[in-house]
Amino acid sequence: MLTAVYDRVEDGLRARLDELPGAADLPTAVRTALEVCADYFEADPRRARVLLREPLADDTLREHSARRASAMTRTLAVALGPETTALLPADDASITLAGTALSGALVALYLDWVDGRLDVSRDRLAEAATGLVLAVTVAVDH
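This structure is a prediction, so every number in the text was calculated from the model and none was measured.

Bringing the packing of aromatic side chains into the picture now. Summed over the entire model, instances satisfying the criterion amount to two aromatic pairs. An angle of 70° between the planes, with centres 5.8 Å apart, marks the rings of Phe41 and Tyr110 as edge-to-face. Residue Phe41 is located in helix α2 (residues 26–43), and its partner Tyr110 is located in helix α6 (residues 92–114); the two are separated by 69 residues in the primary sequence. On the basis of relative accessibility, which here comes to 3%, the residue Phe41 falls in the buried class. Linked through ring pairs, Tyr40, Phe41 and Tyr110 together constitute an aromatic cluster. A cation over a ring is seen here: Arg47 above Tyr40, with NZ or CZ 4.1 Å from the ring centre.

This is the structure we're talking about:
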């Protein structure tokens, strides 16, 4: 039951990400995607709880989320455009490494923001999250 709820909420986010317009450059594309995530969580904070908080507390959901991570990363890379796809590591181990590094940082940022513990503007949140994504993308060994 919990995994079905997780899948439904993740599919809703993925549908919004699939509708992203093409961006002229990678930083703009990444920032736009992260703003879509912020909109999604802000519209219904329970979504952040399901996708971000619950996998931290529930072993079954954590494993389920981890199994879906590579597919979500690839979907996001395709949605961001050819420049992003070219940066995506070819092997699943590198994708998992990047996904794990990013999820830790981004989950903390978004949860603290949604919960009101991170008192920054949406613009500042998007700026910080974009910087993290770009830094980890460069740091992952292809």
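One pass over the structure, following the stated rule, counts 12 salt bridges. Across the pair Arg53 and Asp115 runs a salt bridge, and its minimum N-O distance is 2.1 Å. Taken together, the residues span a long stretch of sequence, with Arg53 in helix α3 (residues 45–57) and Asp115 in the loop between α6 and α7 (122–139) at a distance of 62 residues. Taking relative accessible area as the criterion, Arg53 reaches 29% and is therefore assigned partly exposed. A relative accessible area of 35% means that Asp115 is categorised as partly exposed. Note that Asp59 and Arg62 form a salt bridge whose closest N and O atoms lie 2.2 Å from each other. Here Asp59 and its partner Arg62 are both found in helix α4 (residues 59–80), three residues apart, which amounts to about one turn of the helix. The exposure class of Arg62 is partly exposed, given its relative accessible area of 36%. Look at the salt bridges and you will find they share partners, linking Arg53, Asp112, Asp115 and Arg117 into a network.

In this section: the environment of Ala4. Here Ala4 lies in helix α1 (residues 2–18). For Ala4, a relative accessible area of 45% gives the class partly exposed.

All right, on to the packing of α1 against α3 then. Direction vectors running N to C along α1 and α3 enclose 120°, while the axes themselves pass 9 Å from each other. Judged by the angle between their axes, α1 and α3 are oblique. Like other packed secondary-structure pairs, α1 and α3 cross with a definite hand, here left-handed. Facing α1, whose interface residues are Val5, Tyr6, Val9, Glu10, Leu13 and Arg16, α3 presents Arg47, Val50, Leu51 and Pro55. By residue class, the composition of the contact of α1 with α3 is seven nonpolar, no polar and three charged.

Moving on: the packing of α2 against α3. The contact between α2 and α3 brings their axes to 4 Å, and the two run at 115°. In terms of their interaxial angle, α2 and α3 are classed as roughly perpendicular. Within the contact between the two elements, α2 uses Tyr40, Phe41, Glu42 and Ala43 and α3 uses Pro45, Arg47, Ala48, Leu51 and Leu52. Partitioned by chemical class, the residues of the contact of α2 with α3 number seven nonpolar, no polar and two charged.

The next point concerns the nonpolar core. Generally speaking, nonpolar side chains in soluble globular proteins are found buried as a group. Among the nonpolar cores identified, the biggest contains 31 residues, and Phe41, Leu51, Leu52, Leu106 and Tyr110 are the most heavily contacted of them. Sort the elements by how many residues they give to this core and α2 lands first, with nine residues. When residues no more than four places from it in sequence are discounted, the contact partners of Leu52 are Phe41, Val107, Tyr110 and Leu111.

Criteria and cut-off values
- Sequence positions are assigned chain by chain, starting from 1 and proceeding in written order.
- Totals for whole chains, interfaces and linings use all residues, but because this is a predicted model, local features are given only for residues with pLDDT of at least 70 and pairs of side-chain atoms are given and counted only at 80 or more.
- Each side-chain value is worked out from all heavy atoms of the structure, with water and hydrogens disregarded.
- Each pair of aromatic rings taken from Phe, Tyr and Trp, with Trp reduced to its six-membered ring, is defined by centres within 6.5 Å and is described as stacked if the planes are under 30 degrees apart, edge-to-face if over 60, and tilted in the remaining cases.
- Comment: elements are numbered from the N terminus, with helices defined as DSSP H or I runs of at least four residues and strands as E runs of at least two.
- When accessible area is computed with a 1.4 Å probe and restricted to protein chains, residues below 20% of their type maximum are described as buried, those above 50% as exposed, and intermediate ones as partly exposed.
- As a reminder, the over-ring test applies to NZ of lysine and CZ of arginine, requiring each to be within 6 Å of the ring centre and within 35 degrees of the ring normal.
- Note on definitions: salt bridges are taken to be side-chain nitrogens of Lys or Arg within 4 Å of carboxyl oxygens of Asp or Glu.
- As a rule, the C-alpha atoms of each element are fitted with a line to give its axis, helices using only the stretch in contact, and angles between N-to-C directions run from 0 to 180 degrees.
- Reported orientations rely on four angle classes, namely roughly parallel under 35 degrees, roughly antiparallel over 145, roughly perpendicular from 65 to 115, and oblique for the rest.
- Take the far helix as the reference: if the near one is turned anticlockwise from it by less than a right angle, the crossing is left-handed, and if turned clockwise, right-handed.
- Between two residues, a contact is recorded if the distance between any of their heavy atoms is within 4.5 Å.
- When residues are grouped by polarity, Ala, Val, Leu, Ile, Met, Phe, Trp, Tyr, Cys and Pro land in nonpolar, Asp, Glu, Lys and Arg in charged, and all others, Gly among them, in polar.
- Buried Ala, Val, Leu, Ile, Met, Phe, Trp, Tyr and Cys residues form a nonpolar core when they are joined through side-chain atoms within 4.5 Å.

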